[in-house]
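# Inside the fold
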Amino acid sequence: MLQVQDLKLFQQIVRTGNISMAARQFDLTPAAASAALKRLEQHLGATLLVRSTRSLKLTPAGEHFLQHCQNALQALALGEQALRQLDSHISGELRLTAPSDLGRNVLLPWLDEFQTLYPALSLRLELGDKVAGLYREQVDLALRYGAVADSSHVAFAIAKAPRWVCAAPAYLQQFGEPADPMQLSQHNCVLYQIDERAYDKWLFSKDGAEQAVNVSGNRVSNDADAVRRWIVSGRGIGLKSAFDMAADVLAGRVQVLLPQYQIKALQLNLICASRAQVTPAVLMLRDFLRQKFALLSQRLAEQGFGLPVE
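Structure report, in brief.

Here is what the cut-offs are and how they apply
- Residues numbered from 1 in each chain as written.
- Predicted model: local features only at pLDDT ≥ 70, side-chain atom pairs only at ≥ 80, totals over all residues.
- Heavy atoms only, no water.
- Helix = DSSP H or I, 4+ residues; strand = E, 2+ residues; numbered from the N terminus.
- Rg over C-alpha atoms; globule rule 2.2 N^0.38 Å.
- Buried < 20%, exposed > 50% of the residue type's maximum accessible area, 1.4 Å probe, protein only.
- Contact = heavy atoms within 4.5 Å.
- Areas by Shrake-Rupley, 256 points an atom, 1.4 Å probe, with all protein chains shown as cover.
- Lys, Arg positive; Asp, Glu negative; His and termini not counted.
- Charge placed at Lys NZ, Arg CZ, Asp CG, Glu CD.
- Axes fitted to C-alpha atoms, helices over the stretch in contact; angles between N-to-C directions.
- Parallel < 35°, antiparallel > 145°, perpendicular 65-115°, else oblique.
- Left-handed = near helix turned anticlockwise from the far one by under 90°.
- Nonpolar A, V, L, I, M, F, W, Y, C, P; charged D, E, K, R; others polar.
- Pairing = 2+ DSSP bridges.

Below, the discussion takes up the overall build of the protein. If you tally the helices and strands in the protein, you get ten helices and 15 strands. For a compact globule of 310 residues, the expected C-alpha radius of gyration is about 19 Å, and the protein comes in at 27 Å, more than 25% above that figure. In terms of overall dimensions, the protein has a C-alpha envelope of 85 × 45 × 30 Å along the principal axes. For the protein, with 310 residues in total, the buried portion stands at 40%. Considering only intrachain contacts with a sequence separation of at least 6, the fraction spanning at least 24 residues in the protein is 74%. A total of about 16,800 Å² of accessible surface is found on the protein, and carbon and sulfur atoms cover 50% of it. When the 32 positive and 29 negative side-chain charges of the protein are each reduced to one mean point, those points stand 6 Å apart.

Rendered as structure tokens:
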């Protein structure tokens, strides 16, 4: 694969007519510069320069490639300049809605960082778990788990979110840890409710076999953050997105249960009502969130929480 640095070095060697001089300008040793030139020639399958003790001379292949090299580097420079100009024009207001738990405990510091990168941009953040529709919510975009209900919307995939069954050490010390999913029916489970429906049927799989477990408990809420707080405070066992629980698990406030079983992951999407609302600011936010969630997933995996995703 061609490396931009090798192209720049080749161009500079031609300009100076001296490998050592070009190497110094790139803070390289002459040996490293020679190796880079050799690497470029091996990739192209052609000799670009004829070397002698006193001079360097372009071969016919080198003369032909030099023009393409200069064109490519110029195009890259223009692209970088265009991106810098684009960044400087990211302004206006972004109206974003996001799930309560994810918004409060994960997104807030990230959005602060995003606005530091683009200080001319203002943000209106609405947190809530009820999906009323982008038009009725009067927002530009929504960060939501699960399938996109309206096919007319534009959805950008941000991350795959594994889900965990988890509980606080205090709860497990008092009531014990379930050894398999069916034992969850004997535990107090804190339940998430949306549109008057409590999610009290949890699905697991192992070695291709699926298990559905009906769970119950004395705490139900339509606010995902309330469910997380009950789990952390030892009130019961919950089923949550790994992203929502990441900080608590990494800090030891919560323990992941039944890791040998798989739970279907949720797709996290950034959704716009229409293509007309996909502005440069939206695209920048999309790329920013993809990077942040990828780094969070990597951190979880490094700590041994890279659970299988179905």
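Their axes nearest at 11 Å, the elements helix α9 (residues 242-250) and helix α10 (residues 280-302) cross at an angle of 45°. One way to sum up the angle between α9 and α10 is to call them oblique. Both α9 and α10 take part in a crossing whose hand is left-handed. Here Ala242, Phe243, Ala246 and Leu250 of α9 come into contact with α10, specifically with Phe293, Leu296, Ser297, Arg299 and Leu300. Each residue belonging to the contact of α9 with α10 can be placed in one class, and the counts come to seven nonpolar, one polar and one charged.

The strands that make up a sheet are held in pairs by hydrogen bonds between backbone atoms, and each pair lies either parallel or antiparallel. Strand order in the open sheet formed by three strands is β9-β8-β12, and the pairing between neighbours is mixed. Strands at the two margins of the open sheet, each flanked by one partner only, are β9 (197-198) and β12 (216-221). Pairing of strand β8 (residues 188-194) with β12, which is carried by four bridges, proceeds in the parallel orientation. Among the inter-strand pairings, Tyr192 is bridged to a residue of β12, identified as Ser221.

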